[in-house]
Amino acid sequence: MADVPKRADLAEVPPEQAPDLTAAPEAIQAEVPPELVAQTLGEYVRAYAARIRAGESGVLPVIAAMLAIVIVFEVVSPNHLFLSAGNLVNLFQQSAVFMVLAMAEGFALILGEIDLSIGFVGALGAAVTVQLVQPQTTNWPWPAAVAAGLLVATVFGLIQGTLITRLRIPSFIVTLAGYLIANGLFLQVLLLGPFSGYPNLAGFSDNLKVIYNLMWGSIDPTVSWIATAVVVLGLGLLIYLSDNRRRRSGLVAPPTSLTLIKIGLIAVVAVVVVLICNTNRANIGTLEGVPWVIPIVLAVLGVWTVLLQRTRYGRYVYAIGGNPEAARRAGINLSIVRTVAFGLCSFTAGIGMLLYASLLNGMSNNVQGGQYVLYAVAAAVIGGTSLFGGRGKPLHGVLGGLVIGGIYNGMFLVGLSFQWEYIVTGLVLLGAVTIDSLSRRGSASGSVTRV
Amino acid sequence: MTPPPRAAASASLSVVDNAGDMSAASAEHVASNEPLLKVRELDKHFGPVQALYHINLDLPSGQVTALCGDNGAGKSVLTKCIAGIYQPDHGQVFWEGQPVHIRAARDASRLGIETVYQDLALADNLDIVQNMFLGRERLRNRLLDEDNMERAAKETLASLRVTTVRSIRQPVASLSGGQRQSVAVAKAVMWNSKLVIMDEPTAALGVVQTKMVLDLIKRLRDRGLAVMVISHNLNDVFEVADRIAVMYLGRVVVQDQTSSFDRQSVVEYMTTGGLGRSGGRRTQES
């Protein structure tokens, strides 16, 4: 590049890092994630601002949506109940179902596919579990019952994945059929046993209690604090050491201040959540401690994040979502990766709907499996997962699930009926998809101008 | 850069004779200045259509061979036969003097043949390192060894003097056309390849980016690799090629040092398969 004439506006850039003169510098700045190029916090903030101006807003919309939900509902809810400890814990519990379902849907979305069946496939698995632990009938130990339920969901997903990849039927159609079939099987499973279609989790059996406690059980406040400290310190140390090692060996790494801010943010969120949960939220007596569902959701988040970001399999999922032809030429077995992804999607949905069964204290034919699929897609997209494939993280499902849960919870507090909840959720989804496709168009046109 | 394990690779290939004695063969190959890849009397037909007739082609190490020809002349079919995508019907391929059968793309990459297709086959959503290692990721404790891969990718890019990218962790979507081509080439070179085949590497590029890619091709040659460039663009061909081979209707009608051609003669070979008047050159080499 030495003999290429310098442009005036690039004159101050040292030649060894002169950017490609054929590319528009401001566009490059906007498209490269700021943590990759910033050496200091100031540079990071400027790069981030440039990205937002260029339409690459990252998690900013979802944070803004959360703030808006908190402010609006805190103001309009009776007695400003929205931000009370009791309601916030309730909100976490309701959101947990959306979060796990959105993480499930993420597998399909990253591949550039969609899975419409997860609501009822998950419900089918949960119904199997709830039936199997009933003391009057089978009375299975809860680990076996949970495993059986998740297995049913996973096999259903693998069959759908096989049809999609081997017969090349669009996932939309296969999972639409799967939605109906799973719905029917779910209702059929509910009819088994002497429960008139409503097997529930009330009773003195330990197996019933464990399933019930998935959502409603709490960890002792002291234990909550200790566990939180261990997790936050461990995670913080891991992030810090890994960033530090990369910085020292001259690899791409964020500046130290940014690493510390990231760790600090995790610590603050953890402490706030534990503080809220450890407040006594009962009207009479004591009800305190972190609900079990929070570590369960975090475990799903952690395992799927490692799988998608740190293993070959995860890398292949993203590669197929970005460019299937490139993945094929790289020797990746597309059918297996896709089929397994649909299996994992249904498996995760099984966990999500098991939490839902725990929340409802049983299973019934009122379960809105179709509704929940749409909430799952909405949550994933609101969180920042792209509907067009290749982009998305499990964390997006968690953030989006919190937004959907916030709307659901807030509208209920205010006393608005279901029709308004549907309308508002629909509008939020529309907004999220608009942001997704606008940012996609923005970056695509940016690339075209430089080819 | 630690080279990926390749030791076992040649053994599993179907070397027709003298399979055990590869080292002696490569020593001889260096001594006799044998071309890295020799194609002899290669035929390929698709149903009734004869796509390649008796192809003879030499690709020597340390030289850039340009493969020219009009649309439908058979350039792509020949490339795909060498890259293992198609199986030739007759004829032989010699690699470092040894006859080999390249039955699949995997065989080709085991030998050290890498092809950069025109569409580059990069995943836009992945970053440069992730693309360069796609399908051959390095692991540590069953997880991706990102540090190791990033270091190796960085070294390869530096050795090719691809220095214009801001960060090797930026997604490929944010790269210019020339930069993408460079990443695709670096991806091909990463694996100790000995022959790099490039399909129309400058087709969609502007002037500055074309220069960047041509410089890169020269650097591959200077490292001792054999390079085959398929191109329509005679400016690029004369700028970068040491040898030129011209195809016409499924035959290689001429191949020789670039110095023995001029634009006029190359165009004439491409369009008529021979030199009608004045040139007085042989129509078939070797």
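Cut-off values and rules
Residues numbered from 1 in each chain as written. Chains lettered and ligands numbered in written order. Predicted model: local features only at pLDDT ≥ 70, side-chain atom pairs only at ≥ 80, totals over all residues. Helix = DSSP H or I, 4+ residues; strand = E, 2+ residues; numbered from the N terminus. Buried ≥ 20, exposed ≤ 12 C-beta atoms within 10 Å, placed from the backbone. Contact = placed C-beta atoms within 7 Å. Axes fitted to C-alpha atoms, helices over the stretch in contact; angles between N-to-C directions. Left-handed = near helix turned anticlockwise from the far one by under 90°. Nonpolar A, V, L, I, M, F, W, Y, C, P; charged D, E, K, R; others polar. Parallel < 35°, antiparallel > 145°, perpendicular 65-115°, else oblique. Core = buried A, V, L, I, M, F, W, Y, C linked by C-beta atoms within 7 Å. pLDDT = per-residue confidence, 0-100. Pairing = 2+ DSSP bridges. Domains from an automatic or database assignment. Right-handed = clockwise from strand over helix to strand, strands pointing away.

## Describing the overall build of chain A
Turning to step 1, where the next piece is worked out: A tally of regular secondary structure across chain A gives 18 helices and zero strands.
Turning to step 2, where the next piece is worked out: Within chain A, buried positions represent 43% of all 451 residues.
Turning to step 3, where the next piece is worked out: Intrachain contacts of chain A at a sequence separation of at least 6 include 76% that bridge at least 24 residues.

## Topic: the overall build of chain B
Turning to step 1, where the next piece is worked out: The secondary structure content of chain B amounts to 10 helices and 12 strands.
Turning to step 2, where the next piece is worked out: Counting all 286 residues of chain B, 45% fall into the buried class.

## Thoughts on the packing of helix 7 (residues 142-166) of chain A against helix 15 (residues 334-360) of chain A
Residues and elements named next belong to chain A.
Turning to step 1, where the next piece is worked out: At a closest axis distance of 7 Å, the pairing of helix 7 and helix 15 adopts a crossing angle of 145°. Where helix 7 crosses over helix 15, the two elements pack in a sense that is right-handed.
Turning to step 2, where the next piece is worked out: Class assignment of the residues belonging to the contact of helix 7 with helix 15 gives a composition of 13 nonpolar, 12 polar and two charged.

## Section: the packing of helix 13 (residues 312-322) of chain A against helix 15 of chain A
Residues and elements named next belong to chain A.
Turning to step 1, where the next piece is worked out: For the pair helix 13 and helix 15, the least separation of the axes is 10 Å and the interaxial angle reads 100°. On the basis of their axis angle, the class for helix 13 and helix 15 is roughly perpendicular. Contact with helix 13, carried on its side by Tyr313, Tyr316, Val317 and Ile320, involves Leu334, Val337, Arg338 and Ala341 of helix 15 and no other residues of that element.

## Brief notes about the nonpolar core
Proteins that are soluble and globular tend to have nonpolar side chains buried together.
All names here are of chain A.
Turning to step 1, where the next piece is worked out: With 189 residues, the main nonpolar core has Val100, Leu101, Leu124, Ala376, Ala379 and Val403 as its most contacted residues.
Turning to step 2, where the next piece is worked out: The dominant element in this core, judged by the number of residues it contributes, is helix 5 (residues 85-110), at 17 residues.
Turning to step 3, where the next piece is worked out: Once residues within four sequence positions are removed from consideration, Leu124 is found in contact with Val152, Ala153, Phe156, Ala182, Leu185, Phe186 and Val189.

## So, helix 3 (residues 75-83) of chain B
Residues and elements named next belong to chain B.
Turning to step 1, where the next piece is worked out: Taking burial as the measure, the nine residues of helix 3 include eight buried ones, the bulk of the element.
Turning to step 2, where the next piece is worked out: Those residues of helix 3 that sit buried are Lys75, Ser76, Val77, Leu78, Lys80, Cys81, Ile82 and Ala83.
Turning to step 3, where the next piece is worked out: Looking one or two places after helix 3, you find Gly84, whose phi comes out positive at around 90°.

## Regarding the confidence of the model for chain A
Turning to step 1, where the next piece is worked out: Here chain A shows a mean pLDDT of 86. Residues at 70 or above account for 87%.
Turning to step 2, where the next piece is worked out: Under a pLDDT of 50 for its full length, residues 444-451 of chain A has, in the predicted model, 11 contacts with residues more than four places off or in other chains.

## Looking at the sheet that holds strand 4 (residues 90-95) of chain B
Residues and elements named next belong to chain B.
Turning to step 1, where the next piece is worked out: Within the open sheet, the four strands sit side by side as 2-1-4-5. Their pairing is antiparallel. With one partner strand each, in any of the chains shown, strand 2 (49-59) and strand 5 (98-100) form the two edges of the open sheet. Put simply, the sheet's adjacent strands are angled 30° from each other on average, direction ignored.
Turning to step 2, where the next piece is worked out: Note that strand 4 and strand 5 share three bridges and pair antiparallel.

## Here's the deal with the environment of Asp107 of chain B
All names here are of chain B.
Turning to step 1, where the next piece is worked out: Tracing the backbone through its elements, the reader meets Asp107 in helix 4 (residues 105-111).
Turning to step 2, where the next piece is worked out: Classification of Asp107 as partly exposed rests on a count of 18 C-beta atoms within 10 Å.
Turning to step 3, where the next piece is worked out: Sequence separation between Asp107 and Leu126 is 19 residues, and the spatial gap between their C-alpha atoms is 26 Å.

## Quick look at the domain arrangement of chain A
Residue and element names in this part refer to chain A.
Turning to step 1, where the next piece is worked out: Structurally, chain A comprises domain 1 (67-217 + 291-434) and domain 2 (220-285).
Turning to step 2, where the next piece is worked out: The C-alpha centroid of domain 2 is placed 26 Å from the C-alpha centroid of domain 1.
Turning to step 3, where the next piece is worked out: On the side of domain 2, four residues touch domain 1, which itself brings five residues to the contact.
Turning to step 4, where the next piece is worked out: The class makeup of the residues in the side of domain 1 that touches domain 2 is four nonpolar, one polar and no charged.

## Some thoughts on the pairing of strand 3 (residues 64-69) of chain B
All names here are of chain B.
Turning to step 1, where the next piece is worked out: Burial analysis of strand 3 places six of its six residues in the buried class, the great majority of the element.
Turning to step 2, where the next piece is worked out: Here strand 3 shows a buried face lined by Val64, Ala66 and Cys68 and a second buried face lined by Thr65, Leu67 and Gly69.
Turning to step 3, where the next piece is worked out: The pairing of strand 3 with strand 10 (residues 226-230) spans four bridges and is classified as parallel. Bridge pairing in strand 10 links Leu67 to Ile230.

## Concerning the sheet that holds strand 6 (residues 113-116) of chain B
Residues and elements named next belong to chain B.
Turning to step 1, where the next piece is worked out: Strand order across the open sheet formed by six strands is 6-9-10-3-11-12, with mixed pairing between neighbours. On the outer flanks of this sheet lie strand 6 and strand 12 (251-257), each paired with one strand and no other. Sheet twist, expressed as the average angle between the axes of neighbouring strands with direction ignored, equals 15°.
Turning to step 2, where the next piece is worked out: On the sheet, helix 10 (residues 263-272) packs against strand 3, strand 11 (243-248) and strand 12 and is oriented at approximately 25° with respect to strand 11.

## Here we look at the pairing of strand 9 (residues 195-199) of chain B
All names here are of chain B.
Turning to step 1, where the next piece is worked out: When you tally the buried positions in strand 9, you get five out of five residues, the bulk of the element.
Turning to step 2, where the next piece is worked out: Summarising the sheet, strand 6 and strand 9 pair through four bridges and their orientation is parallel. The residue bridging Val116 from the neighbouring strand is Met198, located in strand 9.
Turning to step 3, where the next piece is worked out: By the bridge criterion, five bridges tie strand 9 to strand 10 in an arrangement that is parallel. Opposite Val196, over in strand 10, you have Val227 as the bridge partner.
Turning to step 4, where the next piece is worked out: After leaving strand 9, the chain enters helix 8 (residues 207-222) and then returns to the sheet as strand 10, a path that is right-handed.

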